[in-house]
Structure formats: structure tokens, C-alpha cells
Amino acid sequence: MTIEAAKEKLKKYGQEHLLKYYEELSAEEQVALLTQIDETDMTVLSSVSHKSELSKKGRITPLAAMELSEIEKNRDSFKNIGLTAIRDGKVGAVLLAGGMGTRLGSDDPKGMYNIGVTKKLYIFECLINNLMEVTNEAGKPVHLFVMTSDKNNDKTVKFLNEHKFFGYDENYVHFFKQEMAPASDYNGRIYLEEKGKLSTSPNGNGGWFISLKNAGLLDIVKKEGIEWLNIFAVDNVLQRIADPVFVGATISKDCVVGAKVVRKAAPDEKVGVMCLEDGKPSIVEYYELTEELMNAKNEKGDPAYNFGVILNYLFSVQALEKLMGNLPLHIVEKKIPYLDESGRLVKPEEPNGYKFENLVLDMIHKMDSCLPFEVVREKEFAPIKNKTGVDSVDSARELLKKNGVEL
Ligand code: UTP
């Protein structure tokens, strides 16, 4: 992009300040900045002015989950169907590891965090151990697609290579990077994080399928005949991946998505719950759950919105390919490092602006059918979001110990 074209684009979006230090940069840095300006999607910035209109929900009604008792009754047949699908190479897994993990506060990618006590046990290692329990039983590895971002890709790839993929067959591991989005102040002005670099942040976990496709990895999915992709978060160390019972149940129920869910601990627990929105599967966030919905009962007399999602979904590839249109944008407040007026880097203690994200839950809403599949929280849900307290390294260690994992 030429400097003239850059000026024109920046004028259109009110971002002329991004060239403030242009003349001070080396020729190489100038090119890098112009390229970044060229590649950055600035259309997202205008959403700041109508932020409150972005998350309007439709009509919410209950969506019944497949509960533990029903799963137990059919466990063997579901498991057989799932294992057969895995052995036939029809199941792949996608690790969503592009997030910044700012709450945990480590400089390294979250998966590199060592949660061991008497020995080293990394988050990535825990996940791969869990996956290998399934692939060893099936006698066949599943393709594992790992989503990273510009911010953590190199470290992630290096780390997993250095640790020989914790015993997983490296021919079955494929990395891809998600897209980045600009990070701005509260008025939609993009911050500079260096004199020649715009502040950016990964564009949310909802961009995973497009990024997988853009990286050319859908070709592998097709070539290998993968029909189902199990996406999962990096931070749940009790995560069951490619769980054959879950795969079998989703296939048996003829659904295009399966969603692992846990029974809520209390009606006001802060988790997103499965529901129907205007007749299509959806997730209502805890802060969108009205008093009326919180107290609503189903025909069995149980709370109607009682199953929280844990970011473990099984998508039909065919349904993913039919996904049309853009996902809605979410604006999230965030602490964004930036250059102040005098050009000094400031690392704020409190949120000072917005990042722009697409979320997986909006993909669910574009699907025709979804099976919420209940799992036992203490056995499958140990998220690590914080260093201490709720959903932390401490709480995950306790849960791992309870499940017989040596730390
Ligand atoms: P979180 O919502 O916990 O976000 O991600 P985060 O960025 O990792 O952590 P904080 O909020 O800064 O502390 C849930 C899952 O989605 C992935 C994360 O890596 C995690 O597995 N994710 C999130 C992405 O892959 N890309 C993103 O842009 C955001």
C-alpha cells in the first residue's frame, strides 16, 4: 500500500493519528506499518457508536438436554458408534488456543503453563493425555488442528515441537493462525502499540472455521474424510476430547452440533446456558437471563434453563460449510498496552478500550439442530482462567487430584 492510499483509508475511518510517527520509522518499518494498515479491517470500529444494539436477543424458549440418566442407558451403543466414527477417520479435533489469557497473566501461551506440583505437567500435556486415552482405545489418532494467533503462534509451535507433542503423532497435528482485529480506545480510535505498529488482538474464538479454511486446512479435512470437528478450549484441563459417547450421541440424534453442558450449580450461576432463540439453538449469557427465565420450569418441573456450556462442541463439517454471512460482532472491554502522547509505552492496570470478537456461540445459532449433552462437572470441567480463586490454577489442581491425575 502506498502512503497516499494509507492516508485515504485512515481518513475514511478517522484514524489519521496512526501515521504520527511515520517519518521517524526506518524504510522497513514504514512498509510494515503500511501493510498492517492495508490489512486491518477498520469497518468494525463504527460498531462502537451503536454498541448497545449489537446484542439484541430474539425470543428465548427452552432446549432440552440429553441428561446423564439417558446417556447411561445408551452408553454402550453411543460409544460403539463414536469409536467406529473415530476408527473410520471421521472425527477431527480443534484446539482453540489463540486467546491472550490475560486473566492468568502469564507472558507465555496458556497451554505452556505448568500446573504440576511435584513434577512438571503443562496444560497442553494434560489435554494431549486426555485425547490419547481415546485414541489409544480407538487404536487410531485423530487429526488435531491447533488454532493460535500472531501473538502466540511461534512460542506454541516451538514448545510443542520441543516436547515432541507429548507423545502424540506429529503427522496428525496441524497449526493455523486466527485473524487479528484492531484494538481501540472507547471512541473507536485504534491504539498504537509501537510507533510503527497498530494494537491488535485475536478476533475471538468464533473465527476458527474461516481461519482453518483460509489456512488451507479444510483440504486436509476433506481429503481425510473428516465429517465431525470437536472444538475445545485450551484452558479446561479435564476436557474430554473426541469423546466417543458424545460423538455417538450426536450422530444418533441426527443433530448437526453437539454441545457438552454441565448442570448449573445455582440458578444465578455465571455461565451461558443452552436455549432456543427464535426456534434455533442458541446460548443465553448469564447477564441476559431475566428473573422470569431463571425461574422458568420445564414439563418435568425442573429449571428450564439449567445447562451451562463449557466450550466443547462437535460440529458437522457439512453444516459448517453451509455457514453463510458474517457472525455478529462482540465488543469486549480490555486492558490494551498503548503509546501515550509522548510516545512512551503504557501498560494499563484497568481496561482502557475495546477489542472486537466473533464468538463460537453465534455459530451455534446458525445451525439447525443442537444436542446439549450433559457431563459430570467434577469429571470434565476444570477451567483455568485465573491464578487463584474461582476457575483458577488452584481449583483445577484440586479437581485433577480428585480425578486421579498425579501432579
Ligand atoms: P477466553 O474467553 O477465556 O479468553 O477464551 P482468553 O483470551 O483466553 O483469556 P482472557 O479473557 O484474556 O483471560 C476461551 C477459549 O477461546 C480461545 C482461548 O484460547 C480459550 O481456549 N480463544 C479466545 C481463541 O482461540 N481466540 C480468541 O480470540 C479468544
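The notes below deal with the structure included here. Not measured: the values here are computed from a predicted model.

## So, the overall build of the protein chain
What the protein chain contains, in helices and strands, is 13 helices and 18 strands. Computed over C-alpha atoms, the radius of gyration of the protein chain comes to 22 Å, within 12% of the 22 Å expected from 2.2 N^0.38 for 407 residues, which places it in the range of a compact globule. Along the longest, intermediate and shortest principal axes, the C-alpha atoms of the protein chain span 70 × 50 × 45 Å. Accessible area of the protein chain: about 19,600 Å², with a carbon and sulfur share of 48%. Seen as two clouds, the 53 positive and the 62 negative side-chain charges of the protein chain have centres 2 Å apart.

## As for the nonpolar core
Judged by nonpolar contacts, the single largest core of 60 residues is most densely connected at Leu 95, Ile 115, Phe 124, Tyr 168, Val 237 and Phe 373. If you tally residues by element for this core, the top one is helix H4 (residues 123-138), at nine residues. Setting aside its immediate chain neighbours within four residues, Phe 124 contacts Leu 95, Ala 97, Gly 111, Met 112, Thr 156, Phe 159, Leu 160, Phe 166 and Val 234. By size, the runner-up hydrophobic cluster in this structure holds 37 residues, among which are Leu 63, Ile 220, Ala 259 and Val 317.

## Some remarks on unusual backbone geometry
Even without a glycine there, the phi angle at Leu 311 is positive, about 55 degrees. Note that Leu 311 resides in strand S13 (residues 307-316). Unlike most non-glycine residues, Asp 391 shows phi in positive territory, near 45 degrees. Its place among the elements puts Asp 391 in the loop between helix H12 (377-380) and helix H13 (393-402).

## Brief notes about helix H5 (residues 153-162)
Of the residues making up H5, those classed as buried are Asn 153, Thr 156, Phe 159 and Leu 160. For H5, the angular spread of buried residues about the axis comes to 140 degrees, placing them on one side. The exposed residues of H5 that point more than 90 degrees off its buried face are Asp 154 and Lys 158. Those residues of H5 hidden inside the fold are in contact with H4, strand S3 (143-148) and strand S4 (173-177). Following H5 by one or two positions, Lys 164 adopts a phi angle in the positive range, close to 50 degrees.

## Observations concerning helix H2 (residues 27-39)
Its 13 residues place the ends of H2 19 Å apart at the C-alpha level, agreeing with the 18 Å of an ideal helix rising 1.5 Å per residue. Residues Gln 30, Leu 33, Leu 34, Gln 36 and Ile 37 constitute the buried set of H2. Seen from one end, H2 has its buried residues packed into an arc of 160 degrees, which puts them on one side. Exposed residues on H2 whose side chains face more than 90 degrees from its buried face are Glu 28, Val 31 and Glu 39. Against helix H1 (3-12), strand S7 (197-198) and strand S8 (200-202) lie the buried residues of H2.

## With respect to the packing of H1 against H2
Where H1 contacts H2, the axes come no closer than 10 Å and their chain directions differ by 40 degrees. Viewed along their axes, H1 and H2 adopt a mutual orientation that is oblique. Crossing handedness for the pair H1 and H2: left-handed. Where H1 approaches H2, its residues Ile 3, Ala 6, Lys 9 and Leu 10 are matched on the opposing element by Leu 34, Ile 37 and Asp 38. Of the residues contributing to the contact of H1 with H2, the split by class is five nonpolar, no polar and two charged.

## What to know about the environment of Trp 208
Looking at the element boundaries, Trp 208 is found in helix H6 (residues 208-214). Along the primary structure Trp 208 and Leu 359 are separated by 151 residues, whereas in three dimensions their C-alpha atoms are 9.3 Å apart. Residues in contact with Trp 208, not counting those within four places in the same chain, are Val 94, Leu 96, Met 147, Phe 176, Leu 229, Ile 231, Phe 315, Leu 320, Val 360 and Met 363.

## Considering the side chain of Thr 40
When you line up the elements, Thr 40 lands in the loop between H2 and strand S1 (60-61). Within the structure, the side chain of Thr 40 is placed 2.6 Å from the backbone oxygen of Gln 36, a separation counted as a polar contact.

## A look at the packing of aromatic side chains
Considering all chains together, one arrives at twelve aromatic pairs under this definition. Ring geometry for Phe 124 against Phe 159: centres 6.1 Å apart, planes inclined by 40 degrees, an arrangement best described as tilted. In this pair, Phe 124 sits in helix H4 while Phe 159 sits in helix H5, placing the two residues 35 residues apart along the sequence. This pair shows no difference in class: Phe 124 is buried, exactly as Phe 159 is.

Thresholds, definitions, all that
- Residues numbered from 1 in each chain as written.
- Predicted model: local features only at pLDDT ≥ 70, side-chain atom pairs only at ≥ 80, totals over all residues.
- Heavy atoms only, no water.
- Helix = DSSP H or I, 4+ residues; strand = E, 2+ residues; numbered from the N terminus.
- Rg over C-alpha atoms; globule rule 2.2 N^0.38 Å.
- Areas by Shrake-Rupley, 256 points an atom, 1.4 Å probe, with all protein chains shown as cover.
- Lys, Arg positive; Asp, Glu negative; His and termini not counted.
- Charge placed at Lys NZ, Arg CZ, Asp CG, Glu CD.
- Core = buried A, V, L, I, M, F, W, Y, C linked by side-chain atoms within 4.5 Å.
- Buried < 20%, exposed > 50% of the residue type's maximum accessible area, 1.4 Å probe, protein only.
- Contact = heavy atoms within 4.5 Å.
- Arc of directions from axis to C-beta.
- Expected span 1.5 Å × (residues − 1).
- Axes fitted to C-alpha atoms, helices over the stretch in contact; angles between N-to-C directions.
- Parallel < 35°, antiparallel > 145°, perpendicular 65-115°, else oblique.
- Left-handed = near helix turned anticlockwise from the far one by under 90°.
- Nonpolar A, V, L, I, M, F, W, Y, C, P; charged D, E, K, R; others polar.
- Polar contact = N/O pair within 3.5 Å; in protein donor to acceptor, adjacent residues only side chain to side chain.
- Phe/Tyr/Trp six-rings, centres within 6.5 Å; stacked < 30°, edge-to-face > 60°.

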